[in-house]
Every structure is written in structure tokens, then in C-alpha cells.
Amino acid sequence: MAQALDIDHWNLECEFNNTDHRTDLNGIDRLIVRRGQPFSVSLYLRSGSYQPGVSSLDCVAETGPQPSEQYGTRASFGLSASIDTSCWSAAVTSPPGDIVTLSICSAPDAPIGRYTLTLGHSARIEFILLFNPWCPGDAVYMDNEEKLAEYVLAQDGIIFRGAYKYPIPTPWNFGQFESGILDACLRILDMNPKYLKNPGKDCSGRRNPIYVSRVLSAMVNCNDDKGVLLGKWTGDYEGGVSPMLWRGSVEILRNWHTQACQPVRYGQCWVFAAVACSVSRALGIPCRVVTNYLSAHDTNSNLVIERYVKENGEPIQSKEMIWNYHCWVENWMTRPDLKSDFNGWQAYDPTPQEKSEGVYCCGPIPVRAIKEGELTLKYDAPFVFAEVNADVITFMKKKDGSTSKVSSDALVGQKISTKSVGSDAREDITHLYKYPEGSAEEREAFKKADHQNKLLQQQQNQGLHLNIKVTSDMRKGCDFDVFAVVTNNTQSEKKCRLLFGSCALSYNGFMGGNCGFKDLLNVELSPGGERKVPLRLNYSKYGGQITEDNLIRLAALLLDYTTGDTTLAVRNVVLDNPEIKVRILGEPKKNRKLAAEITLQNPLPEMLENCCFSIEGANLTGGGIITERLGPVGPGEDAKVKVYFTPTHSGLRKLVVDFDSNKLCHVKGYRNVIIGK
């Protein structure tokens, strides 16, 4: 007859298990394991000893407030001769005696979250179960150690911002293993409306990374729920902080978690995406942040962005816009609900733009579905397809109320970028979203997507060609020239009017004040001739207009007097901030105090006041932020501080630095530091 083991006390062997399950960076004070992979606990018996084939142990694993075997949130199992990694199982791996080593394995499709494991009548242990991208049976399995190191374990990274002709790498501290972050991530799942409405069903859904990603897409913004971030895209950030201020996700997630789930103010697209990436990685889903330059926001799903200009070339603001760039995230998983062609990277977007199934969320949609024009697949394919493929049509609105079409070479979905695996270089992944322009495959994808506008488009070789050229040296604080270049490709003389203007621009397409304007009523061009018209941009004029994005929109409008045709050229330029120099003093070693000297030169022709350096880094600054304030810094002078910190783990880490002042806002810099053991 089977004899139940009489357990007195136990040891969860957290250090061994967490290290084996690659969760030790969360700490070793509690048990955190990944699904489909065995872990061991030591059981100390009160009486008797373990006898193979005689001893028995009833095990029950439960998660959520309404555990049920029907929902897969409760599993009952006994001792087996050996571990079966395809389901919940337990086996003794030690010889007979009064100390028992029990190996336990969860099912590779078990719901993630907080678990209680009851062993017999007296032992009740708690642990956290995460997705396991190292387990071939898990839907998030990724068969590449370098990619896993980047997309799951890397606590810092690079997000690309700036402009498509000038991508700017911005450092970010994802910090998914910092103290308290995993708890905040699990609380996000517990605060989602689906859980509050039906906790049993929601906890069951947590077996599925598609479901979890969709929940995160809705919960990282607070538009319909007690989500993490409140978005704001205008310059007044009263009652919160500018999205530019954040250097990482840790402070955001901690603030939300400790302040009764009140939304953190404020986020914009790269902040929403970065926080979603931190949460995905914390839960064990491979994730990366993606930037789409010249990203279309199509509000009526017709795959066309209509934009309007006045007769003087001045743009008219509209709801449908082309964002200078837009960031979202990709999670790695299989799609058993679709054909196997659609396994792999799935795009999802936590920035609240349009509603999906009545909620502000977007995705996950297979990146491959966007490339192939498969717009009927779940979730939200048409919106993402438009972001990278929409057509742009420009109209001129005349004083009499009539409109006329303006020819314009407007680009959408350029230089889709993410951080490279194992380096800070930019990886261009446009080819994963789009076929080469003009290719037969591209036309096939447009046919599937019913993108008639692109299919009907003919390349016109216009008689007059207009484009905008800039110099490489456009630094904030300097005066510089930009150029409208007009070329006459016809056989006849041309007389034209050229309007060349500039205005401040925010990254999401909102236009601000005038930064410089020129109107030439009589531009004469001989056949084959070219005219280069400069426009001087002076800091005294643009300095008070530009936003923290440092963007200026250049627009040239050419009117051909002979034919009445108008041509528009638009180009966004981003001004360089000064470089932050970080010098590490001494040899970086784990648990040894380290110093860094941080310097920035004031490039402006005016005094900087209220100067402040903020510094943070995963496993470098103790999960917190070092703040150093300085006195006024004159033109050409250096702002300089020395900071001290103690690294807690060895390996490659990023020290992320932000400089802020009254006139020079949120300049970002970083230094990679290799911490020795």
C-alpha cells in the first residue's frame, strides 16, 4: 500500500533553481521558474523515509482566484518514475532516505503567474511561473542563444528616434529584473478589465502569449483601464513630466505600482513601446522595440493620407498625419490560430491611436502578414499595413474654396529599425515589413490588400523637379543654410514661383511656429538648367519655436506659370544636440565603488540655467536614479559632474545619462561599461 510522505519542512533551493531558469537577476529570495523546465525542492521528512514504489505524494498546482482543471489553472499529479516535460509532473531524484530531492516540472503551456503548490497535507509552497523561450515546447521558443541574450535578458538597449535620413540612437534602461518590476508586471495582468470581469477565464488565457500581448497592448496605456501611462503630445506637461525626461522603464513601472495604479504622466510612442518591451521581457516573451520612420496614421482605413496646403505652401493641420517616426514592439511566438507561415515576430502597439474591438490596443499581428498584404488576419492588420504602406496625396486649398492636386514625392514606411543583436548598431528590418518598391511581389501584396491607389500609380517623369538639400552640420544653437533645388528637365524655358518655408515640428506631425520663409516670384530656368535657392535658418528665430524633438519641417512649393502645375517637396530635419562625454575612472568591478566623469559643452549663444544631470543603469545605480544639479553654464562652457555608483552584477551594462536645463532639454547620452567579476 502506498505511504504518503510526511513532510516536516522544505527548502525551495531558490539560488540553484533561479540560476538554472535564468531568473536569478530578479533575486534569489523567492522561487521564480520558467514553464516546461524542471526545478528541484528539498523535502525534510518528519517521520519515515522515502521508498521507491512505496512512497506517494499528491501534488496540486493552482493559479488565480478561481483555479479549475477545466480552465487549466489547476493541475493534480502524483509521483512518476521520471519527469515528463510535456505536462505537470513530479519525480524523486534522490536515493531512499529522510531527505527527499523532488523534481517538479510545469506544462510548457501552463498559464504564467503566481502559483501555490500543495505537496501532501502539510507542505504549501509559492512560486512565480514565466514563459520559457528556452523550452522547445513553449509557444515563445527561440532557438538562438545570442538572440535570447538580447531579446529576453538584456536590461538596456537602444531606441531609434530622430529622422529617417538621420536616425538618432537613444539609450533606454529596460530594467526588467530590477527590484519590484516583476511584481508590477504581474499586477498589470491583474488590473486588466478582462481579469476584473472574469478572473478564471483571464488566468486561463495567460497560457497564450497572443492573449498576453494583446492585454499588454491595452494596459500599457490608460485610455480604457487602470493602465500604466497617460499619453500627451502637446508641450505643456503640467502635473507630470515630459516624455523626453524618462531614461528607462523602472521609474515608470515603480511609480504606477506604488501609487495605487494611477497612470504615470506622461508617455509618447517610444515610452509606451519601451515599457511594453520591459514587461514582455520580464514575463519571458522575447521582445524588441521597432521604429518606423515616416509612419502614416490612417484614421479612415482607406490606405490614403490626404494632406492640404494653402496657396503660399503653408501646411494645413489635419487628423491624418505622417509621424516623423513611430515606435511599437514585436514579440516572438508561434501563431497556432493562423498558418505556420505566420510564426515569429508579431507587431503590437501600446500607443493609443485607434480603437480595436472597442479598446485602445493594436495587435499582435504577424509581421509577415503585413508584408504579404493579408489584412484579414488578427489583429489590426489594416492599421499597421497603412503605417508602412499608405499613399500620400497632396491638395492645394485655394481662397475661393476650390482644391487642386499637387504633385509630391511623399514617402511612408522608411528605414524600419531596431537595435542589432549584441551591438548598438541599427538593424534595418524594412524587408520584413515590405517587398522592394516596384517589385512584382509588392504589387501582389497591394492586390491582396486592395491598395488600389498604389496599384494605379504611374511614375511620372515630371518636367520640373524639386527637392530639398541640407548640409551635414546642423547643430542646435548654430545658424545654417538649407537649399531648394529646382531642375528643368524640359526642352523649353520655364518661369516659376518658389515658396520656401520652414516651421517647428513635433515628431508626431504637429506643426508649430515659422522658422524662416522666402517667396521668389520670378525663378527663370533654361532647358536642362538648375537653380539652388538657399534659406537661412537663424537660431535667434528657430530657437524659440522648436520643441524638445529638435525638428524643423522644410517645405518648398513650386508653381509653373506656363502650365499652372504645382509641385511640393517636404523634408524634416533634426538638429544635433551636443555630445555627452562619459569617462569611467578606475577599473569596473562587481560590488566595488566606481566613479564616472560626465561632461557636456554648452553650444548655445546664451546661458544655461537650472542644469541637471540624471544618471541610471541596470545593476549599476542600485535600481535608482542619481541626480546632480549645477549652477549656470555660459556659452561654450562645460557642464561637468563626477558621480559614484556600485555595480551589483558583472557583464556589459549601459550607464544612461540625461542633461536638462532651461534652454537645452533632455539631451541623452550613454556609455557601455564592462563590469568584471
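As the structure is a computational prediction, the values presented were derived from the model and not from experiment.

Enquirer: Summarise the UniProt feature "domain: Transglutaminase-like" (unreviewed entry) in the protein chain; cite the residues concerned and give the values.
Expert: Per the UniProt entry, the sites bearing "domain: Transglutaminase-like" (unreviewed entry) are residues 261-352 in this numbering. The span residues 261-352 shows a helical share of 16% and a strand share of 45%, and its end C-alpha atoms are spaced 18 Å apart.

Enquirer: Could you give an account of the domain arrangement of the protein chain, with specific residues and numbers?
Expert: Split by domain assignment, the protein chain resolves into domain 1 (3-130), domain 2 (145-454), domain 3 (461-574) and domain 4 (580-675). Taking the mean C-alpha position of each, domain 1 and domain 4 sit 45 Å from one another.

Enquirer: Break down the layout of surface pockets for me, citing the residues and quoting the values.
Expert: Rolled over the atoms, a probe sized like a water molecule indicates the empty space that remains. As a volume, the second largest pocket reaches approximately 570 Å³. Taken together, 26 residues make up the lining of the second largest pocket; nearest its centre are I168, P169, N577, V667 and K668. Taken together, the elements giving at least two residues each to the lining of the second largest pocket come down to β12 (156-163), β13 (166-173) and β41 (667-675). Looking at the lining of the second largest pocket element by element, the count peaks at five residues for β13. Partitioning the lining of the second largest pocket into residue classes produces 14 nonpolar, six polar and six charged.

Enquirer: So what's going on with helix α2 (residues 145-153)? Which residues, and what values?
Expert: The complete set of buried residues in α2 reads L148, E150, Y151 and V152. In this structure, the buried side of α2 is in contact with β3 (32-34), α8 (269-283), β16 (287-297), β20 (344-348), β26 (414-419) and β27 (426-428). Its side-chain oxygen at 3.0 Å from the backbone nitrogen of E146, N144 defines the N-terminal cap of α2.

Enquirer: Summarise the packing of aromatic side chains; cite the residues concerned and give the values.
Expert: For the structure shown, the criterion picks out 20 aromatic pairs. A centroid spacing of 5.8 Å and a plane angle of 25° characterise the contact between F77 and W88, whose relative ring orientation is stacked. On the criterion of sequence distance, the pair formed by F77 in strand β7 (residues 74-77) and W88 in the loop between β7 and β8 (89-92) is long-range, its members being eleven residues apart. Both residues of the pair, F77 and W88, count as buried. Ring plane angle 55° and centroid distance 6.5 Å describe the contact between W270 and Y325, whose orientation is recorded as tilted. Placement of W270 in helix α8 and of Y325 in strand β19 (residues 321-333) is noted, with a sequence separation of 55 residues between them. Like Y325, W270 is buried.

What counts as what
- Residues numbered from 1 in each chain as written.
- Predicted model: local features only at pLDDT ≥ 70, side-chain atom pairs only at ≥ 80, totals over all residues.
- Heavy atoms only, no water.
- UniProt positions renumbered as here; feature names shortened; annotations may be inferred.
- Helix = DSSP H or I, 4+ residues; strand = E, 2+ residues; numbered from the N terminus.
- Domains from an automatic or database assignment.
- 1 Å grid on protein atoms, 1.4 Å probe; cavity = no way out; pocket = protein on both sides within 12 Å on 5 of 7 lines; lining within 4 Å.
- Points joined across faces, edges and corners; volume = space filled by probe spheres on them.
- Nonpolar A, V, L, I, M, F, W, Y, C, P; charged D, E, K, R; others polar.
- Buried < 20%, exposed > 50% of the residue type's maximum accessible area, 1.4 Å probe, protein only.
- Contact = heavy atoms within 4.5 Å.
- Polar contact = N/O pair within 3.5 Å; in protein donor to acceptor, adjacent residues only side chain to side chain.
- Phe/Tyr/Trp six-rings, centres within 6.5 Å; stacked < 30°, edge-to-face > 60°.

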